[in-house]
Amino acid sequence: MTAAARVVTTALLIGIANHAIGAATGLHALRYVMGTWCDLVVLNSSPNAEAVEASFQEIARLERVMSNWDAASEVSALNARAGNGPQPVSTDLAAVVREATDLCSLTAGAFDPTVGSAVHAWGFDTESPRKPTSERARQAASPVGCDRIRVQTEPPAIALERGTRIDLGGIGKGYAVDRALAVLRAHGVTRAKLDFGSSSLGFVGQIDGGWPVVVADPRNRDRPLVSFRVSEGSVSTSGQREHSFIRNGQRYGHIFDPRTGLPVQSRLLLVTVIAPDAGLADGLSTALFVMGSTEGARLVSTLPDTAAIFVEERAGHDVTIVTAGRVDDLTRLDR
Ligand code: ADP
Ligand code: MG
């Protein structure tokens, strides 16, 4: 596809989207939260500013629970008490950690929130990641494993083995989207779209023809790569490119293989997942990135109402796209 044709296709998509969205009056709000832009569109006949504010407040509240960038967050305090037996935690922290450990079982350990020690050793919880010494990397890989976490819900408590560090970066945004959508619904919102830094998207209700989703090329975010439609559920995209650094010609990114405790090395540019809820979509997109397209597609085919798009980089600038499950109106926009 020529550049001009691509622009037309993209404009068409936006046109369709505006046509569908234009059927109702709406509210559009943008807020910087959890280190990224959160874009919310409410399409109710009487959109409610209070609902929008309450959903952003919910995300900000959860950031103080789950952030591993903030030494004062609840999860940071829990990590500091690793090795000291069960610690009382909030209902949210117990719930999200339980969701994370369930995903660890579902993905045979490809998703593992205890990669925190490795993520920390490589500085991916800071603005300046760097390669640690091999000795430091080896040490940081040893306290990784979901059997090192025990979660109890009544009353909520979590025990971590010594040295283990929980990192909710792979699921936190999805969990926050699910909670923010619940707040919108509780305020009577019947149609809305919440886009969290383009990596986690959730919807309330449906629009004619399905919600249009465009995934950008991580090598150049101004270039749309694929588009598709979702009738309901959530969408999450994971990739290394935007959170990576190059050292001696080798690229290292923020998604770790829990089996080695090292950044995943692969030809995958991104994995997009469509799943019934945003926590699952978020965790699964991280896990499928670790698993790769063959093993990942096999897992997706066993999960109800779940689909995935794997985009692999080929020689030159070309890509190969592999899908698993049902993706409506999947269109390549890069040619
Ligand atoms: P993003 O946060 O950019 O949307 P992801 O959802 O894929 O991307 O999450 C990546 C983050 O997840 C990393 O920054 C790290 O905090 C955490 N993480 C890295 N590897 C894993 C893994 N194998 N399992 C669970 N969490 C991981
Ligand atoms: Mg994720």
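Note that the structure is a prediction, hence the values are computed from the model and not measured.

What counts and what doesn't
Residues numbered from 1 in each chain as written. Chains lettered and ligands numbered in written order. Predicted model: local features only at pLDDT ≥ 70, side-chain atom pairs only at ≥ 80, totals over all residues. Heavy atoms only, no water. Disulfide = S-S within 2.5 Å. Helix = DSSP H or I, 4+ residues; strand = E, 2+ residues; numbered from the N terminus. Buried < 20%, exposed > 50% of the residue type's maximum accessible area, 1.4 Å probe, protein only. Pairing = 2+ DSSP bridges. Contact = heavy atoms within 4.5 Å. Axes fitted to C-alpha atoms, helices over the stretch in contact; angles between N-to-C directions. Donors = N, O, S within 2.8 Å, 3.2 Å for Na, K, Ca; no water. Phe/Tyr/Trp six-rings, centres within 6.5 Å; stacked < 30°, edge-to-face > 60°. Lys NZ or Arg CZ within 6 Å of the ring centre and 35° of its normal. Near = heavy atom within 4 Å. Polar contact = N/O pair within 3.5 Å; in protein donor to acceptor, adjacent residues only side chain to side chain. Areas by Shrake-Rupley, 256 points an atom, 1.4 Å probe, with all protein chains shown as cover. Salt bridge = Lys/Arg side-chain N within 4 Å of Asp/Glu carboxyl O.

Asks: Describe the state of the cysteines, naming the residues involved and giving the relevant values.
Replies: Across all of its chains, the model carries one disulfide by this definition. Between the sulfur of Cys-104 and that of Cys-146 lies a disulfide, 2.2 Å long from S to S. Negative torsions about the S-S bond denote left-handed disulfides, and the value of about 110 degrees found for Cys-104 with Cys-146 makes this one right-handed. Here the residue Cys-104 occupies a position in helix H4 (residues 91-106), and Cys-146 occupies one in the loop between helix H6 (134-141) and strand E4 (149-153), the gap between them amounting to 42 residues. Each member of the pair, Cys-104 as well as Cys-146, is classed as buried.

Asks: Provide a residue-level description of the sheet that holds E4, including the pertinent values.
Replies: Across the sheet, three strands lie side by side as E3-E5-E4; this open sheet has antiparallel pairing. Of all the strands in the sheet, just strand E3 (87-88) and E4 have a single pairing partner and so form its edges. Both E4 and strand E5 (residues 156-160) contribute to a ladder of five bridges, which runs antiparallel. Its bridge partner being in E5, Gln-152 is matched across the sheet by Ala-157. Strands in contact with H4 are E4 and E5; relative to E4, the strand with the most contacts, it is inclined by about 130 degrees.

Asks: Talk me through the sheet that holds strand E10 (residues 234-238); I want residue IDs and the actual numbers.
Replies: On the basis of which strands lie adjacent, the open sheet formed by eight strands has the order E1-E2-E6-E7-E10-E15-E16-E17 and antiparallel pairing. Here the strands that pair on one side only, and so sit at the sheet edges, are strand E1 (27-33) and strand E17 (319-324). Neighbour to neighbour, the strand axes of the sheet diverge by 10 degrees on average, direction disregarded. For strand E2 (residues 36-42) and strand E6 (residues 192-196), the ladder comprises five bridges, and the chain directions are antiparallel. Bridge pairing links Cys-38 to Phe-196 in E6.

Asks: Help me get a handle on the coordination of the magnesium ion (ligand 2), residues and values and all.
Replies: All of the protein donors around the magnesium ion (ligand 2) are Gly-170 (O), Asp-282 (O), Asp-282 (OD) and Thr-286 (OG1); their distances to the metal are 2.0 to 2.4 Å. Sequence spacing among the residues donating to the magnesium ion (ligand 2) works out to G-x111-D-x3-T. Of this pair, Gly-170 sits in the loop between E5 and helix H7 (172-186) while Thr-286 sits in helix H8 (residues 278-291); the two residues are 116 residues apart in sequence, bridging distant segments of the chain. For the pair Gly-170 and Thr-286, a shared accessibility class is recorded, and that class is buried.

Asks: An account of the packing of aromatic side chains is requested, with residue identities and associated values reported.
Replies: Enumeration according to the criterion identifies eight aromatic pairs in this entry. Ring geometry for Phe-124 versus Phe-256: centroids 5.9 Å apart, planes at 80 degrees, classification edge-to-face. Of the two residues, Phe-124 is situated in the loop between helix H5 (116-121) and H6 and Phe-256 in strand E13 (residues 256-257); the sequence distance between them amounts to 132 residues. Geometrically, the ring pair formed by Phe-245 and Tyr-252 is tilted, given 5.5 Å between the ring centres and 35 degrees between the ring planes. Comparing Phe-245 with Tyr-252, the two get one shared label, buried. Ring pairing ties together the aromatic residues Trp-122, Phe-124, Phe-245, Tyr-252 and Phe-256, which thus form one cluster. Over the ring of Tyr-175 we find Arg-179, and its NZ or CZ is 5.8 Å from the ring centre.

Asks: Just give me the short version of the site of ligand 1, but keep the residues and values in it.
Replies: As a structural note, the neighbourhood of ligand 1 is formed by 19 residues, with Asp-167, Ser-238, Phe-256, Asp-282 and Thr-286 the closest of them. In this structure, an oxygen atom belonging to ligand 1 sits 2.8 Å away from a side-chain N or O atom of Asp-167. A distance of 2.9 Å separates an oxygen atom of ligand 1 from a polar atom in the side chain of Asp-282. Protein coverage of the free-state accessible area of ligand 1, which is 570 Å², stands at 93%.

Asks: Please set out unusual backbone geometry residue by residue, giving values where relevant.
Replies: Cis peptide bonds are those with omega within 30 degrees of zero, and the linkage from Glu-154 to Pro-155 qualifies with -10 degrees. Relative to the elements of secondary structure, Pro-155 occurs in the loop between E4 and E5. Positive phi is not limited to glycine here, since Ala-108 has a value of about 50 degrees. As for its placement among the helices and strands, Ala-108 is situated in the loop between H4 and H5.

Asks: If you had to explain the pattern of salt bridges to someone new, which residues and values would you point to?
Replies: Across all of its chains, the model carries 17 salt bridges by this definition. The shortest N-O distance in the salt bridge between Glu-53 and Arg-31 comes to 2.8 Å. Of this pair, Glu-53 sits in helix H2 (residues 49-66) while Arg-31 sits in strand E1, and the two are 22 residues apart along the sequence. Glu-53 sits in the partly exposed class, given a relative accessible area of 32%. The partner of Arg-314 in a salt bridge is Asp-318, with the nearest N and O atoms 3.3 Å apart. Arg-314 gets classed as partly exposed once you look at its relative accessible area, which sits at 42%.

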